[in-house]
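A structural walkthrough
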Amino acid sequence: MTEPGLNTNPYQSNYSHSPADVTSNLSSIHDSLSSLAKWQTYFAVLGLLASLGAIGVMGFQLIVLSGLDNSGIVEGLAAFAIVAVLVGLFYIVPTVKLFKAASSARAYAANQSGSMESLLQRQVSFWRYLGIMVSVVLGIYLMIVLVALLFGIASSM
């Protein structure tokens, strides 16, 4: 004997999904994607400003340093400026990927030509690149620490 309101089929849901529930869920999904697109755009703009700021400041430093004499300090600062410009360029890639993901989320939320598949592919592309970038940076940090330890041990002998 079964309780009233429960199905006897274990593979069938006990909950009915009316069209109003589905519409409400879709509306909630579109609102969430619209909010996601806004936040993605915000962080993409911040990333772009930070990248361009790093490239601009260090590019300006390179221009100023080119007019000075060739002392060791100037060469060291120039090397630092070149590395900073390269790092700034390195950070532009995830910013562009984030802009693309935001445009996909915005298009899907507005029921335009965007597809959920495109949205998810762009999200995965952004996070994959960011994961690889973080792994590379952590590897570089580990090498720096190991080299510093080796030089510290060698200098103490």
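Each value, and the rule that gives it
- Residues numbered from 1 in each chain as written.
- Predicted model: local features only at pLDDT ≥ 70, side-chain atom pairs only at ≥ 80, totals over all residues.
- Heavy atoms only, no water.
- Phe/Tyr/Trp six-rings, centres within 6.5 Å; stacked < 30°, edge-to-face > 60°.
- Buried < 20%, exposed > 50% of the residue type's maximum accessible area, 1.4 Å probe, protein only.
- Helix = DSSP H or I, 4+ residues; strand = E, 2+ residues; numbered from the N terminus.
- Expected span 1.5 Å × (residues − 1).
- Core = buried A, V, L, I, M, F, W, Y, C linked by side-chain atoms within 4.5 Å.
- Contact = heavy atoms within 4.5 Å.

**Quick notes on the packing of aromatic side chains**
Tallied over the entire structure, the rule returns six aromatic pairs. Judged by centre distance (6.2 Å) and plane angle (75°), the rings of Phe-90 and Tyr-91 are edge-to-face. Judged by its relative accessible area of 35%, Phe-90 falls in the partly exposed class. Using a relative accessible area of 37% as the deciding quantity, one classes Tyr-91 as partly exposed. Judged by centre distance (4.9 Å) and plane angle (75°), the ring pair of Phe-126 and Trp-127 falls under edge-to-face. In this structure Trp-127 comes out as exposed when scored by relative accessible area, which is 52%.

**Overview of helix H3 (residues 116–156)**
Its 41 residues place the ends of H3 60 Å apart at the C-alpha level, agreeing with the 60 Å of an ideal helix rising 1.5 Å per residue. Leu-119, Gln-123, Phe-126, Tyr-129 and Met-133 are the residues of H3 that are buried.

**Side note on the nonpolar core**
By size, the foremost hydrophobic cluster in this structure holds five residues: Leu-33, Ala-37, Ala-105, Ala-109 and Leu-119. Counting residues per element, the ones that place at least two in this core are helix H1 (19–66) and helix H2 (72–109). Not counting residues up to four positions away in its chain, the partners in contact with Ala-37 are Ala-102, Ala-105 and Arg-106.

**Overview of the environment of Phe-99**
By secondary structure assignment, the location of Phe-99 is in helix H2. By relative accessible area, which is 30% here, Phe-99 ends up partly exposed. Separated by 58 residues in the primary sequence, Phe-99 and Thr-41 place their C-alpha atoms 6.0 Å from one another. Sequence-distant contacts of Phe-99, defined by excluding residues within four places in its chain, comprise Thr-41, Ala-44, Val-45 and Leu-48.

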